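Architecture at a glance
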Amino acid sequence: MSDALLSLRNVRRTYGDGEGAIHVLTGADLTVSRGEIVALVAPSGAGKSTLLHICGLLERPTDGEVDIDGERTAKLADRQRTLLRRHKIGYVYQFHHLLPEFSALENVTMPQLIAGESQSVGNERAMALLDALGISHRADHRPAELSGGEQQRVAIARAAANRPSLILADEPTGNLDPGTSDTVFRALSDLIRKQNAGCIIATHNHDLARKADRIVTIVDGKVHATTL
Ligand code: ADP
């Protein structure tokens, strides 16, 4: 067992079978440590989302090992994977996916209630997170009343709500203008450092990727270190 927060070993992912099979990951290795932000930069179709889904236990690899915080996940039942995901992993998508009929505060409180937290503790933590991300003054607003940058900061707060050790972000600033992207990235990285979590952020934004601790790419289904 290693100290790594996330460890992928020889991960393969094939969609379909026979002649039409698509071999997206062909033996991917990747390790992420606590407090580390790894940028994932690769062309569209290279397998970034597939890799993140596998890291986030949203998808199973065709073959290979995925360890989260030292725990082997390959043989876990779906129920155990769901629990592990709920407590250890936070996910941020390109589009915020906030629940439209609930306020920012409720969107951040809800995952905590699902994980068994009380309403008062959940609310308090949600408010603290919104405050840390500079949007507590928007706590009572619904997503439609927020700007794109504010929506993404709420989505980051929601991803962090259950104190995950790993945050996975799939092009979280893909939909934002450069200035707002910068603010959102800074909010995300401050949070990662504060919580001593680990993070993989898939992005097409090279300026942001350079601010990560290291940059990796996917070539022919394998993960490689790279520079931009
Ligand atoms: P990226 O995020 O880098 O754009 P993806 O991981 O979304 O790449 O996709 C990588 C490749 O895998 C693409 O060719 C895509 O069409 C294919 N793919 C992804 N998901 C599926 C699926 N569920 N079924 C079949 N092919 C898929």
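The notes below deal with the structure included here. (Residues numbered from 1 in each chain as written. Predicted model: local features only at pLDDT ≥ 70, side-chain atom pairs only at ≥ 80, totals over all residues. Heavy atoms only, no water.)

What follows concerns the sheet that holds strand 3 (residues 37–40). On the basis of which strands lie adjacent, the open sheet formed by 6 strands has the order 6-7-8-3-9-10 and mixed pairing. Strands at the two margins of the open sheet, each flanked by one partner only, are strand 6 (89–92) and strand 10 (222–226). Strand-to-strand, the axes of this sheet are offset by a mean angle of 25°, without reference to chain direction. In terms of strand pairing, strand 7 (residues 166–170) meets strand 8 (residues 198–202) through 5 bridges, oriented parallel. Note that in strand 8 the partner of Leu-166 across the bridge is Gly-198. Along the sheet, helix 1 (residues 48–55) makes contact with strand 3, strand 6, strand 7, strand 8, strand 9 (214–219) and strand 10, crossing strand 7 at roughly 155°. Packed onto the sheet, helix 6 (residues 178–195) meets strand 3, strand 7 and strand 8 and runs at close to 160° relative to strand 8. (Pairing = 2+ DSSP bridges. Helix = DSSP H or I, 4+ residues; strand = E, 2+ residues; numbered from the N terminus. Axes fitted to C-alpha atoms, helices over the stretch in contact; angles between N-to-C directions. Contact = heavy atoms within 4.5 Å.)

Close to the ligand lie Tyr-15, Val-24, Pro-43, Ser-44, Gly-45, Ala-46, Gly-47, Lys-48, Ser-49 and Thr-50, which account for all nearby residues. Within the backbone of Ala-46, one N or O atom sits 3.2 Å away from an oxygen atom of the ligand. Ser-49 is positioned with one of its backbone polar atoms (N or O) 2.8 Å from an oxygen atom of the ligand. Ranked by the residues each element gives to the shell around the ligand, the list is headed by helix 1, at 3 residues. The class makeup of the residues in the shell around the ligand is 4 nonpolar, 5 polar and 1 charged. (Near = heavy atom within 4 Å. Polar contact = N/O pair within 3.5 Å; in protein donor to acceptor, adjacent residues only side chain to side chain. Nonpolar A, V, L, I, M, F, W, Y, C, P; charged D, E, K, R; others polar.)

Overall, the coordinates contain 12 salt bridges when judged by the stated rule. Two residues, Asp-69 and Lys-88, come together in a salt bridge whose shortest N-O distance is 3.2 Å. Of this pair, Asp-69 sits in the loop between strand 4 (63–68) and strand 5 (71–72) while Lys-88 sits in helix 2 (residues 78–88), placing them 19 residues apart in sequence. The exposure class assigned to Lys-88 is partly exposed, which follows from its relative accessible area of 23%. Through salt bridges with shared partners, one network takes in Arg-34, Asp-69 and Lys-88. (Salt bridge = Lys/Arg side-chain N within 4 Å of Asp/Glu carboxyl O. Buried < 20%, exposed > 50% of the residue type's maximum accessible area, 1.4 Å probe, protein only.)

Examined against the element boundaries, Ser-181 turns out to sit in helix 6. Here Ser-181 falls in the buried class, since its relative accessible area comes to 2%. With residues near it in sequence (within four places) discarded, Ser-181 still touches Thr-173, Leu-176, Asn-205 and Leu-208.

It is worth spelling out the nonpolar core at this point. In this structure, Val-108, Leu-130, Val-154, Leu-188 and Ile-201 are the most contacted members of the largest nonpolar core, which totals 38 residues. Counting only elements with at least two residues in this core, the list comes to strand 3, helix 3 (104–114), helix 4 (119–132), helix 5 (148–160), strand 7, helix 6, strand 8 and helix 7 (206–209). The residues contacting Leu-188, other than those within four sequence positions of it, are Ile-156, Ile-167, Ala-169, Cys-199 and Ile-201. Among the nonpolar cores identified, the runner-up in size contains 30 residues, and Val-11, Leu-25, Leu-84 and Ala-202 belong to it. (Core = buried A, V, L, I, M, F, W, Y, C linked by side-chain atoms within 4.5 Å.)

Look at helix 5 against helix 6: their axes get within 9 Å of each other, and the N-to-C directions meet at 15°. In terms of orientation, helix 5 lies roughly parallel with respect to helix 6. Pair helix 5 / helix 6 crosses with right-handed handedness. On helix 6, the residues touching Gly-149, Gln-152, Arg-153, Ile-156 and Ala-160 of helix 5 are Thr-180, Thr-183, Val-184, Ala-187, Leu-188, Leu-191 and Gln-195. (Parallel < 35°, antiparallel > 145°, perpendicular 65-115°, else oblique. Left-handed = near helix turned anticlockwise from the far one by under 90°.)

With that out of the way, let us pick up the sheet that holds strand 5. Read across the open sheet, the 4 strands follow the order 2-1-4-5; overall the sheet is antiparallel. Because the sheet does not close on itself, it has two edges, and the strands there are strand 2 (22–32) and strand 5. For strand 1 (residues 6–15) and strand 2, the ladder comprises 8 bridges, and the chain directions are antiparallel. Note on strand 2: the bridge partner recorded for Tyr-15 is Ile-22. Taken strand by strand, helix 1 contacts strand 1, strand 2 and strand 4, and its axis lies near 125° from that of strand 1.

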